[in-house]
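Chain and residue survey
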Amino acid sequence: MKMVLSQRQREELNKAIADYLGSNGYLNALTEFQKEADMPGEIDKKYGGLLEKKWTSVIRLQKKVMDLEAKLAEAEKEYNAGGPTREKRSPTEWIPRPPEKYALSGHRSPVTKVIFHPIFSVMVSSSEDATIKVWDYETGDYERTLKGHTDSVQDIAFDHTGKWLVSCSADMSIKLWDFTSFECVKTMQGHDHNVSSVTFMPSGDFIVSASRDKTMKMWEVATGYCVKTFTGHREWVRMVRVNQDGSLLASCSNDQTVRVWVVATRECKAELREHEHVVECVAWAPEASYPAIAEAAGNDIKKGGRAGPFLISGSRDKTIKMWDISIGLCLFTLIGHDNWVRGLVFHPGGKFIASASDDKTLRMWDIRNKRTHKTLEAHQHFVTSLDFHKNAPYVISGSVDQFVKVWECR
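A word on the packing of helix H1 (residues 7-23) against helix H3 (residues 50-80). Running from N to C, H1 and H3 point in directions that differ by 105°, and their axes come no closer than 7 Å. Classified by the angle between their axes, H1 and H3 sit roughly perpendicular to one another. Along its contact with H1, which presents Leu 13, Ala 16, Ile 17 and Tyr 20, the element H3 presents Leu 50, Leu 51 and Glu 52. Across the contact of H1 with H3, the residue classes break down as six nonpolar, no polar and one charged.

As a further point, take the pattern of salt bridges. Inspection of every chain in the model, using the stated rule, returns 15 salt bridges. Ionic pairing is found between Lys 35 and Glu 32, a salt bridge with its closest N-O pair at 3.5 Å. In this pair, Lys 35 and Glu 32 both sit in helix H2 (residues 27-36), three residues apart, roughly one turn of the helix. The exposure class assigned to Lys 35 is exposed, which follows from its relative accessible area of 60%.

This part takes up the environment of Ser 251. Take Ser 251: it is sitting in strand E15 (residues 248-253). We classify Ser 251 as buried; its relative accessible area is 0%. Sequence-wise, Ser 251 and Glu 271 are 20 residues apart; in three dimensions their C-alpha atoms are separated by 9.7 Å. When near neighbours in sequence (up to four residues on either side) are disregarded, Ser 251 contacts Met 216, His 233, Val 237, Met 239, Val 240, Thr 257, Val 258, Arg 259 and Trp 261. Within the local environment of Ser 251, its side chain forms a polar contact with the side chain of His 233, the two groups lying 2.7 Å apart. Among the polar contacts made by the side chain of Ser 251, one reaches the side chain of Trp 261 at a distance of 2.8 Å.

Glancing now at the packing of aromatic side chains. Counted under the stated rule, the structure contains eight aromatic pairs. Residues Phe 230 and Trp 261 carry aromatic rings whose centres are separated by 5.9 Å and whose planes lie at 80° to one another, so their mutual orientation is edge-to-face. Here Trp 261 lies in strand E16 (residues 257-262) and Phe 230 lies in strand E13 (residues 226-231), a separation of 31 residues in the sequence. Overall, the relative accessible area of 1% leaves Trp 261 in the buried class.

Along strand E14 (residues 237-242), six of the six residues are buried, which leaves the element largely enclosed by surrounding structure. Between the end of E14 and the start of E15, which pair antiparallel, lie five residues, with Gly 246 showing a positive phi angle near 80°.

It is worth spelling out the sheet that holds strand E6 (residues 153-158) at this point. If you trace the four strands from one edge of the open sheet to the other, you get E6-E7-E8-E9, paired in antiparallel fashion. With one partner strand each, in any of the chains shown, E6 and strand E9 (183-189) form the two edges of the open sheet. Here the strands of the sheet are splayed against their neighbours by 20° on average, with no regard to which way each runs. With five bridges connecting them, strand E7 (residues 164-169) and strand E8 (residues 173-178) associate as antiparallel partners. Within the sheet, the bridge partner assigned to Ser 167 lies in E8 and is Lys 175.

Our focus in this paragraph is empty space enclosed by the protein. The tally for this structure, following the rule as stated, stands at one cavity of 30 Å³ or more. By volume, the largest cavity is sized at about 30 Å³. Along the walls of the largest cavity sit Pro 96, Ala 354, Ser 355, Leu 362, Arg 363, Met 364, Leu 376, Leu 386 and Val 395, which together make up its complete lining. Listed by contribution, the elements that provide at least two residues to the lining of the largest cavity are strand E23 (352-357) and strand E24 (361-366).

Criteria and thresholds
- Residues numbered from 1 in each chain as written.
- Predicted model: local features only at pLDDT ≥ 70, side-chain atom pairs only at ≥ 80, totals over all residues.
- Heavy atoms only, no water.
- Axes fitted to C-alpha atoms, helices over the stretch in contact; angles between N-to-C directions.
- Helix = DSSP H or I, 4+ residues; strand = E, 2+ residues; numbered from the N terminus.
- Parallel < 35°, antiparallel > 145°, perpendicular 65-115°, else oblique.
- Contact = heavy atoms within 4.5 Å.
- Nonpolar A, V, L, I, M, F, W, Y, C, P; charged D, E, K, R; others polar.
- Salt bridge = Lys/Arg side-chain N within 4 Å of Asp/Glu carboxyl O.
- Buried < 20%, exposed > 50% of the residue type's maximum accessible area, 1.4 Å probe, protein only.
- Polar contact = N/O pair within 3.5 Å; in protein donor to acceptor, adjacent residues only side chain to side chain.
- Phe/Tyr/Trp six-rings, centres within 6.5 Å; stacked < 30°, edge-to-face > 60°.
- Pairing = 2+ DSSP bridges.
- 1 Å grid on protein atoms, 1.4 Å probe; cavity = no way out; pocket = protein on both sides within 12 Å on 5 of 7 lines; lining within 4 Å.
- Points joined across faces, edges and corners; volume = space filled by probe spheres on them.

Everything listed here is a matter of coordinates, which is why it stays silent on function.
Next comes the structure, spelled out in structure tokens:
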């Protein structure tokens, strides 16, 4: 197959070849080539290294074309399979659709946590590289890095105003950051081991943390003092979460239990045992999901059925369990992931649960039917964390592949 070049293109290619031969010391070939192509002696500077440049850019473009073709194929599949448009559905049914809108790189180690800011269009990620990074999820722009921890940052959380960010780390400290000046304003120490989870109380006046030292602690934001310690777990406490009104805490642990605690008295109200491995994550069910949960559990709340509160837990036994805290029983189990379940969050509309797993996927679960609604092949490696925006159509995920991904919902 003969490529047709114009006279000018041919001359430019000849000059680039001549430059390549000359700069690599193939002088005999150069003299012969110049004779045969009857080319003047001097080669213009602008042809310096041109052949190599074109050569590498062709390879780069080929890779880009292949990436885009793969994305297009995925989008076509989504379209043909009737991935509905946003107009046709109510926001309560929006779910993340492939391919991702952005894949953001910058962290130098696995991403441990991703969260949305409650007000601004930014999200924050933490990593084993000891940094916290701020990104704009609408534009995909990197904004800044918060440095201060000296070891892996394990968890991050905002207060409800979004003015304060709290982080905890394997360096055994908890840091409070002012999210307007991005300064670290307090460092709280008191845990005797890796601090694995941190969250604000709904009022914003207290922070609760969980640690590998088997305890959970409550800290006063104003003073930085530890005001309560919750003891009872027999192993590393992986995560702690506060219910909507701040009266209860849920925690999960390497001891394979989920525990519920009364904040006021520090007593353990329930110990939920059914998982067969380390329990990685817990999430309280929002009121919006109660009807779907009641239907899934096979009873009607109106007829004096279960009124909650409800809690979900995800474990290394690859399952997700729904618990009714008022009776301390597991209502049902969601089975589908092929590896550890690492992150759980309820869909703001209440009909779905989203989960992140070491099987490299994100899954959307239909609560009413207790089954997978959609699976996204999300990352090249374990998915460690995900968050669902409360009112914008976005989901974010973080992974051991060091990427933070933004997914649009429709």
